[in-house]
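Coordinates in review
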2 protein chains.
Amino acid sequence: MDIQTLTKQLKDLQRRLHVFGHAMGVLEYDAETAAPRQSEAGRGETVGLLSQLRYEELTSEGTRELLESALAQREALDPQTAREAEELHRDFKKTVCIPKEEVVAYTVLVNRASSVWHQAKENNDFASFRPCLEELVETSARFAGYQDSGRHPYDVMLDDFEPGLDRGYLDDYFGRLRKELVPLIHAVSSATQPDTGWLRGSYPAAGQEKLAKRVMAMMRVDESRCALGRSEHPFTTNFNNRDVRITTHYYEDNLLSSLYSVVHEGGHALYELGVADELQYGCLGGGVSMGVHESQSRLCENMLGRSLPFMEALLPVLEESFPGRFRNVTPQQLYRAVNMSIPSLIRTEADELTYSMHIMVRYELEKAMFDGSLKVAELPYAWSELYGKYLGVRPEKDSEGVLQDVHWSGGSFGYFPSYSIGSAYAAQFYDAMAKDVKIDEALREGDFTPINAWLDDRIHRHGGMLKPKELMLAATGKPFDASHYTEYLKKKYVALYQL
Amino acid sequence: MDIQTLTKQLKDLQRRLHVFGHAMGVLEYDAETAAPRQSEAGRGETVGLLSQLRYEELTSEGTRELLESALAQREALDPQTAREAEELHRDFKKTVCIPKEEVVAYTVLVNRASSVWHQAKENNDFASFRPCLEELVETSARFAGYQDSGRHPYDVMLDDFEPGLDRGYLDDYFGRLRKELVPLIHAVSSATQPDTGWLRGSYPAAGQEKLAKRVMAMMRVDESRCALGRSEHPFTTNFNNRDVRITTHYYEDNLLSSLYSVVHEGGHALYELGVADELQYGCLGGGVSMGVHESQSRLCENMLGRSLPFMEALLPVLEESFPGRFRNVTPQQLYRAVNMSIPSLIRTEADELTYSMHIMVRYELEKAMFDGSLKVAELPYAWSELYGKYLGVRPEKDSEGVLQDVHWSGGSFGYFPSYSIGSAYAAQFYDAMAKDVKIDEALREGDFTPINAWLDDRIHRHGGMLKPKELMLAATGKPFDASHYTEYLKKKYVALYQL
């Protein structure tokens, strides 16, 4: 096959795979934001068939021949197509090794697990979820074995969410965090907390929505390409760089919850909106990994969105959205309020300092489940022990403990660590950016333009072209180093709590 | 092939067709309710490929053989499967006769026409839409010729939206309406209008949404199976009887607009929610025709929702949603306000009495376009002439005239008459139901339960099993007779305006 035909066929294959992904993605977005409760069964049917069609497309003999031909002629392909062929082949290998019946059975299991978990969480009943979870763990381990029988199954899973990650790497990483952060967390929890009584009260959803849109505008998240929706839990989804969605949940008694979820999801959105046009509709047309994605959201949420200079831009906008409520608040007061650190039970509500401890608990539990040293039945107890050890708090019920996250019910094991790694990436990106960009000035003016320009150039536009490690090196000139993260947290929290 | 295998394959085919329809439907719903403005191109790509996959599934050699085999063994199939095979074959024949390139070209044309029409309407510029419309008329006529070269193309189109409808039938129908209603419309427009100043003012969207949900509850539209969304124009869409969506648009200066759109779309929703479980995911698993669908929405909106007894249930709910605003309003005052009849230019805002005249204008224009007696270029003038003749008003600009409706830009010719026929069906259904159900009592109590029970039994549960004419006969004991409709309107409006 000549190179032109080969290239065209590779692009066509990606377009078709993209179409199935797009349709399934919209069905899922709709499920979270708009669909009536009983719509689940019908959607399951449709998503099931679409994923089967995608599976067939990806694993067909034609695809195999095409990809083998592409890898054989790799040198003759243009760099983007060569990298696409590599990624497609990775996806092909990962998928084709799992028998189709098992893929279908797994889809059915995940569907079921989702509603069982919802019910279990609502009823605070881990026992009812346990059999599902056992089956999910067992299936995930089996699939990892199909994919790479020479590696530990949990390493296979970790690499799936963040290429290059494994247990050795994470043991070292979390070991450093534990050593640096646990003492700091203990010191902060015995320090005096600021008075935030002025923040209490009721904030109507309509005002919060207006505020959210103002904040998106400050971040330069283009509304004509990124919609803001409502869902139970905030999330971002993307179909291409002209169609990104972020969602939030307005709690009328908690202004900060929706506000910072919008800044967080806005960071994810900026990444997707910035991916270059020429990568769209192909397998490199989105963020490269979960870890790098989370770096962009947590950079926006914490390092930029919870900074003192940003408080100067945010205060007038808050006052505009809720007239009279912020008239006498100073930037320093707001800064202290949005940076309160208190060890707590729920990961998604955790502050910046304690966040990675929540992840560490999950990492240790996942690792132990997949090396066989921890049974699913023992999870609630082990969960409580680790929370006690790292955070000094223990859940009174499983709905606030082991049942709190959606991930395991979806079969996503090895996902959590990328949340913490992402925060650490963010600190290194920030330090590199600070050399080139007047960050504080941009934040004070409430205009992310110069910040986005740097991020676009170093990170966003590349989409999946550079692997996470390559991207880190290219963007910051150095390999990943977690000390940027620990130093940042120590400096910030020592000053905040005057330790 | 044995009957069991044949039946299973027919069901499998329908499931696959349903899945493509479901995915495309959700993409469209999302486009109207949630997607950002620039998402159009990506969605076009995806809908294009999905509709191609559906086309290939429906027109494959395998499908042809399956359907021929099914029709040959029709007698041995169970009645539902036999009827499904008949409908599938109708769809197959209608589709396979059009060459694939022409289907694809048509999809592209309709996509383009949609944005050209939007722009033309905004700019009040018919000339810019004219070439598109000419191409759409020409293509539709050509396709109708492929589908049935022995019939007049407009008859083929009419039959597509409402099986059994043709020009002869409609000439007679509209002739009767003209004779009975035009004099009444003229009499009403010179009668004294009620004072509705008390209804003016601002109604915040949040209150209107609360009201909409209360009204849905009174109608017994199950919220766990039917979601309420927001869009530019209200519409209903359905995926199965556990997943129906209705939308509305809240105008803060117009309470009745959203209120009655919810009652109207709620009527469509009740139909879809009532279709029997055993018909789901198959080609009979929805309302049987546009006309019967419209009968259900207009029955709810006008005959039930604008009745005097319903005002007694509605008033306290209005007062609850907008405290203090309706305290001194009587049911009679509200009844007169929601039934004002004034000849106007915009179909979607037309009152019950004048509505069918709007349809008649469109019917006569479509008929003339397809028998060649009217050129597209002459439409604006002909439009104005007919509005002057039947309604006594003429548009000052095309955006309020020939450019107002979306239908033609989507290639839907022959669709409009079903709106009027539906209103007439509704009157006959109402008269039959009134013999069995204490309608006024149910309305006065604000509880549609007994009404829905009758409609479910006679109409909803049958889905597409009975063709419109069969359904009318089975439900009311008589063939369709438009005099129910004209008598209803005459009686109601003579009393309202004391003529």
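Residues numbered from 1 in each chain as written. Chains lettered and ligands numbered in written order. Predicted model: local features only at pLDDT ≥ 70, side-chain atom pairs only at ≥ 80, totals over all residues. Heavy atoms only, no water.

**With respect to the sheet that holds strand S3 (residues 243–248) of chain B**
Residue and element names in this part refer to chain B.
- An order of S1-S3-S2 is seen for the three strands of this open sheet, with the pairing classed as mixed. Each of the sheet's edge strands pairs with one partner strand only, and the pair in question is strand S1 (226–230) and strand S2 (236–240). Averaged over neighbouring strand pairs, the angle between their axes works out to 20° when direction is ignored.
- With four bridges joining them, S2 and S3 adopt antiparallel strand pairing. (Pairing = 2+ DSSP bridges. Helix = DSSP H or I, 4+ residues; strand = E, 2+ residues; numbered from the N terminus. Axes fitted to C-alpha atoms, helices over the stretch in contact; angles between N-to-C directions.)

**Things to note about the side chain of Thr248(B)**
Residues and elements named next belong to chain B.
- With respect to the helices and strands, the residue Thr 248 is situated in strand S3.
- Polar side-chain contacts of Thr 248 include one of 2.7 Å to the side chain of Ser 261.
- Setting aside its immediate chain neighbours within four residues, Thr 248 contacts Leu 228, Gly 229, Arg 230, Ser 231, Pro 234, Ser 258, Ser 261 and Val 262. (Polar contact = N/O pair within 3.5 Å; in protein donor to acceptor, adjacent residues only side chain to side chain. Contact = heavy atoms within 4.5 Å.)

**A few points about the packing of helix H8 (residues 167–189) of chain A against helix H16 (residues 416–436) of chain A**
All names here are of chain A.
- Viewed as axis vectors pointing N to C, H8 and H16 meet at an angle of 60°, and their least axial separation amounts to 12 Å. On the basis of the axis angle, H8 is oblique to H16. For the crossing formed where H8 meets H16, the hand is left-handed. Of H16, the residues touching H8 (which contributes Tyr 169, Leu 170, Tyr 173, Phe 174 and Leu 177) are Pro 417, Ser 420, Ile 421 and Ala 424.
- Grouping the constituent residues of the contact of H8 with H16 by class yields eight nonpolar, one polar and no charged. (Parallel < 35°, antiparallel > 145°, perpendicular 65-115°, else oblique. Left-handed = near helix turned anticlockwise from the far one by under 90°. Nonpolar A, V, L, I, M, F, W, Y, C, P; charged D, E, K, R; others polar.)

**A closer look at the domain arrangement of chain A**
Residues and elements named next belong to chain A.
- For chain A, the domain assignment lists domain 1 (3–150) and domain 2 (151–499).
- Inter-centroid distance (C-alpha atoms) of domain 1 to domain 2 is 26 Å.
- Taking both partners together, domain 1 and domain 2 bury about 3,600 Å²; carbon and sulfur atoms supply 65% of that area.
- A per-residue breakdown of the area domain 1 buries against domain 2 is headed by Tyr 29, Arg 83 and Phe 126, which together make up 19% of the total.
- Seen at the junction of domain 1 and domain 2, the total is three salt bridges. (Domains from an automatic or database assignment. Buried area = accessible area lost by both parts, 1.4 Å probe. Salt bridge = Lys/Arg side-chain N within 4 Å of Asp/Glu carboxyl O.)

**As for unusual backbone geometry**
- Located in the positive-phi region is Tyr281(A), a residue other than glycine, with phi close to 65°.
- What makes Tyr281(A) buried here is its relative accessible area of 17%.
- Even without being a glycine, Gln498(B) presents a positive backbone phi close to 45°.
- Tracing the backbone shows Gln498(B) in the segment after helix H20 (483–496).
- What makes Gln498(B) exposed here is its relative accessible area of 68%. (Buried < 20%, exposed > 50% of the residue type's maximum accessible area, 1.4 Å probe, protein only.)

**What about the relation of the copies chain B and chain A?**
- Superposition record for chain B on chain A: RMSD 0.2 Å, screw rotation 178°, translation along axis 0.0 Å. One copy is carried onto the other by what is essentially a two-fold rotation axis. Considering only C-alpha atoms, the part of chain B nearest the rotation axis is Ala23(B), at 3.0 Å. (Least-squares fit on C-alpha atoms with pLDDT ≥ 70 in both.)

**Observations concerning the pattern of salt bridges**
- Evaluated as defined, the whole model comprises 84 salt bridges over all chains.
- Ionic pairing is found between Lys490(A) and Glu180(A), a salt bridge with its closest N-O pair at 2.5 Å. Of the two residues, Lys490(A) sits in helix H20 (residues 483–496) while Glu180(A) sits in helix H8, which places them 310 residues apart along the sequence.
- The closest approach of N and O atoms between Arg214(B) and Glu320(B), which form a salt bridge, is 2.6 Å. Remark: Glu320(B) occurs in helix H12 (residues 308–321) and Arg214(B) occurs in helix H9 (residues 205–219); sequence separation between them is 106 residues.
- A cluster of three or more residues bridged by salt bridges with shared partners is formed by Arg74(A), Arg83(A), Glu86(A), Glu87(A), Arg90(A), Asp159(A) and Lys467(A).

**Here we look at the interface of chain B and chain A**
- On the side of chain A, 36 residues touch chain B, which itself brings 36 residues to the contact.
- Interface area for chain B against chain A, summed over the two sides, is near 2,800 Å², with a carbon-plus-sulfur share of 63%.
- For the interface between chain B and chain A, the tally reads four salt bridges.
- Here Arg245(B) makes a salt bridge to Asp30(A), at a shortest N to O gap of 2.6 Å.

**Comments concerning the packing of helix H14 (residues 355–370) of chain B against helix H15 (residues 379–391) of chain B**
Residue and element names in this part refer to chain B.
- Orientation of H14 relative to H15, taken along the N-to-C sense of each, is 145°, at an axis distance of 10 Å. Regarding H14 and H15, the two cross each other, and that crossing is right-handed. Of H15, the residues touching H14 (which contributes Met 357, His 358, Met 360, Val 361, Arg 362, Glu 364, Leu 365 and Met 369) are Leu 379, Ala 382, Trp 383, Leu 386, Tyr 387, Tyr 390 and Leu 391.
- Among the residues making up the contact of H14 with H15, the classes are represented as 12 nonpolar, one polar and two charged.

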